[in-house]
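# Analysis of the macromolecular model
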Amino acid sequence: MTNSYRNADRRYIDIKVTGTALLIILVSCLFFLLSLIIPFRTLLWILGGLVILFFIVLAVGAIIPFHPDEIILKQGNEVMSDLDRKLLGMALSDDISQTELDDFLKGWDIEASPIKTVMLVAYLMKTRPALYFPAAVTPRLNGVLSFCRFQNLKREAHFSKVGEALRKEGIPFAILKGGAMKVYRPDFPRWMNDIDMIVPSNKYERAVDVVMSMGYDKPMATDHSVDLHLPGSDEGLIDIHKHLEMFTGNEDSLNDRLFARAEERDIFSTRGYLPGREDMVFISLVNFYKNISKNQTRESSLTTFYDIKYLLAGKADFDYSIIKENARITGGEFQVLYASKLIDAVVPGLIPESFVDSIKLSNKEFKRQFIDFLFRRDVLSNARDMVKETKVGASLQKDWNPFVFIWVALVEGIKICFASPLLKYPAWRMYTVISNNNKLS
């Protein structure tokens, strides 16, 4: 199983090469068949028309106005509903009135709310004993707290077990994301789907071998991490990273600095490394960006705001230059800048304006990466999800055959064809207009 993980990149390359060859053969055969039905000269006119259309789209992309601040403000409104904003305001406030709480609860449906929203309300109930919560919601809130505590204790036990095994092998590890915040704030109830840890990239394969020998099963391997499960279960427990997921190709450059600044301490009955507050803010920003870019786990947005406020406020000499240096060496300047701007659009002043302004990224580069982000999130991700819902899409996720190879090559070809922002931006604008019209109808 570990060998198959190690060969995943090689296998994917082989699939792309095979799929590309099959796609070329398929297109050539199709063109040949069309030439038997349609005169060759007519085909040339059609191809010429497509080339002209291509350049027209490029010209349109060059003249369409681009207003990133307006787009970010709109996205801030999409990320968080009015009720979520009210909850966020109370969660970030040091002084909540009973009237504020009552106004929120009047419009809040606990049954329809994502679990992490419920967790924040439960936290308010736990930490503000002077506030009155109606009997209609208190049993559910207490139940969620108890269930969350039980689930976290189970995952913490697995973390300790894995951590001790890695320590015996001389493999250092640091805890990340929600698990790290649980160490920083043990009294803050969190809903964690798993606990993330990171090991040095040159010890990653050895770490995977060690934990797999402990009986864990069904590792879902990616290019940056592997999820561990118990045999016969799909429940997430521990996610071992060799680097953060940032889409830049330079993620490994952060690891040495991350461990050098981390504090070795007791973590869930084992000894590991806890990243410093500056590194935790950086991790929160790039993880927030990743979730938004993939249209996933938007319900975690509330806890991201809460965590960042806690991390910033807990250190008088907070060093923002560490975040900037992390962004520079990993190539994540845009991710940090975009996430900071989006957070500022929702909660002005939470992240100092001086820090946002200090991130040096040219307007041209910011525009290029922003358009790439919009196209990947709204066009490619939505198209991927639509295909997954079809029978063909379902088969693509589990079957390995020539059709899958061709599909992989086709997707890569589309990415190459739309490499220019002058193509991506008009395509994104057109897609969003069509999507909004469909929602209205």
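The structure this text deals with has already been given above.
Residues numbered from 1 in each chain as written. Predicted model: local features only at pLDDT ≥ 70, side-chain atom pairs only at ≥ 80, totals over all residues. Heavy atoms only, no water.

### Topic: the environment of serine 420
In plain terms, the rule: Helix and strand definitions here come from DSSP, where helices need a minimum of 4 consecutive H or I residues and strands a minimum of 2 consecutive E residues; each element is numbered from the N-terminal end.
Structurally, serine 420 can be placed in the loop between helix 19 (402-417) and helix 20 (421-440). Separated by 49 residues in sequence, serine 420 and isoleucine 371 place their C-alpha atoms 9.5 Å apart.

### Focus on the packing of aromatic side chains
This is how it is decided: Think of it this way: a Phe, Tyr or Trp ring, Trp meaning its six-membered ring, pairs with another when their centres are within 6.5 Å, and the plane angle makes it stacked under 30 degrees, edge-to-face over 60, tilted otherwise. Relative accessibility decides the category of a residue: with a 1.4 Å probe and only protein chains considered, values under 20% of the type maximum give buried, values over 50% give exposed, and everything between is partly exposed.
Tallied over the entire structure, the rule returns 25 aromatic pairs. Summarising the aromatic geometry, the rings of phenylalanine 334 and phenylalanine 373 are spaced 6.5 Å apart at their centres and angled 55 degrees between planes, so their arrangement reads as tilted. Placement of the pair is phenylalanine 334 in helix 15 (residues 333-346) and phenylalanine 373 in helix 17 (residues 363-388), with a sequence separation of 39 residues. Of the two residues, phenylalanine 334 and phenylalanine 373, neither departs from the other in class, the shared state being buried. Ring centres 4.6 Å apart and planes at 50 degrees place the aromatic pair tyrosine 338 and phenylalanine 373 in the tilted group. With a gap of 35 residues between them, tyrosine 338 in helix 15 and phenylalanine 373 in helix 17 connect regions that are remote in the sequence. On the accessibility criterion, tyrosine 338 (1% relative accessible area) is buried. One aromatic cluster in this structure is built from Phe66, Tyr289, Phe334, Tyr338, Phe366, Phe370, Phe373, Tyr425 and Trp428.

### So, the nonpolar core
We apply this condition: Among buried residues, the Ala, Val, Leu, Ile, Met, Phe, Trp, Tyr and Cys ones that are joined through side-chain atoms within 4.5 Å form a nonpolar core. The contact definition used throughout considers only heavy atoms, calling two residues in contact when any of these lie within 4.5 Å.
Counting residues in hydrophobic clusters, the biggest one holds 113 residues, and the most contacted among them are Leu141, Leu166 and Phe370. The element that contributes the greatest number of residues to this core is helix 12 (residues 277-293), accounting for 9 residues. Once residues within four sequence positions are removed from consideration, leucine 166 is found in contact with Ile171, Phe173, Met197, Val199, Ala207, Val210 and Val211.

### A few points about the side chain of histidine 224
With respect to the helices, strands and loops of the structure, histidine 224 is situated in the loop between strand 3 (217-221) and strand 4 (225-229). Ignoring any residue separated from it by four or fewer positions in sequence, one finds histidine 224 in contact with Tyr204, Ile240, His241, Lys242, His243 and Glu245.

### Comments concerning helix 14 (residues 320-330)
Buried residues of helix 14: Ile322, Ile323, Asn326, Ala327, Ile329 and Thr330, and no others. In this structure, the buried residues of helix 14 make contact with helix 11 (255-261), helix 12, helix 15 and helix 16 (353-358).

### Considering a nonpolar patch on the surface
We count it as follows: Patch definition: residues above 30% relative accessible area lacking any salt bridge, with like charges linked at up to 9 Å and the nonpolar side chains Val, Leu, Ile, Met, Phe, Trp and Tyr linked at up to 5 Å. Only the protein chains shown count as cover for residues, with accessible areas throughout obtained via the Shrake-Rupley method and a probe of 1.4 Å. Think of a salt bridge as a Lys or Arg side-chain nitrogen and an Asp or Glu carboxyl oxygen that are within 4 Å of each other.
Residues Phe31, Phe40, Leu44, Ile46, Leu47, Leu50, Ile52, Leu53, Ile56 and Val60 make up a contiguous nonpolar surface patch of about 910 Å² in total accessible area. The element that contributes the greatest number of residues to the nonpolar patch is helix 3 (residues 40-63), accounting for 9 residues. Take phenylalanine 40: it is sitting in helix 3.

### A word on the pairing of strand 7 (residues 270-274)
We apply this condition: Strands are treated as partners if at least two bridges between them are detected by DSSP.
One ladder, built from 5 bridges, connects strand 6 (residues 263-267) with strand 7; its direction is antiparallel. Counterpart to isoleucine 267 in the pairing with strand 7 is threonine 270. The hairpin formed by strand 6 and strand 7 contains 2 residues between the paired strands, and phenylalanine 268 there has a positive phi angle of roughly 50 degrees.

### Examining the packing of helix 5 (residues 82-92) against helix 13 (residues 301-313)
Rules: Interaxial angle, 0 to 180 degrees, is taken between N-to-C directions of lines fitted to C-alpha atoms, where a helix line uses only the stretch in contact. By the definition adopted for this analysis, an angle is roughly parallel if under 35 degrees, roughly antiparallel if over 145, roughly perpendicular if from 65 to 115, and oblique otherwise. Should the near helix be turned anticlockwise from the far one by less than a right angle, the crossing is termed left-handed; should it be turned clockwise, right-handed. Here the nonpolar group is Ala, Val, Leu, Ile, Met, Phe, Trp, Tyr, Cys and Pro; Asp, Glu, Lys and Arg are the charged ones; every other residue, Gly included, is treated as polar.
Packing of helix 5 against helix 13 leaves a shortest axis separation of 10 Å and a crossing angle of 20 degrees. As far as their axial angle goes, helix 13 and helix 5 are roughly parallel. The hand of the helix 5/helix 13 crossing is right-handed. Residue-level contacts link Asp84, Leu87, Leu88, Ala91 and Leu92 of helix 5 to Leu302, Phe305, Tyr306 and Lys309 of helix 13. In terms of residue class, the contact of helix 5 with helix 13 is made up of 7 nonpolar, no polar and 2 charged.

None of this, on its own, says anything about what the molecule does.
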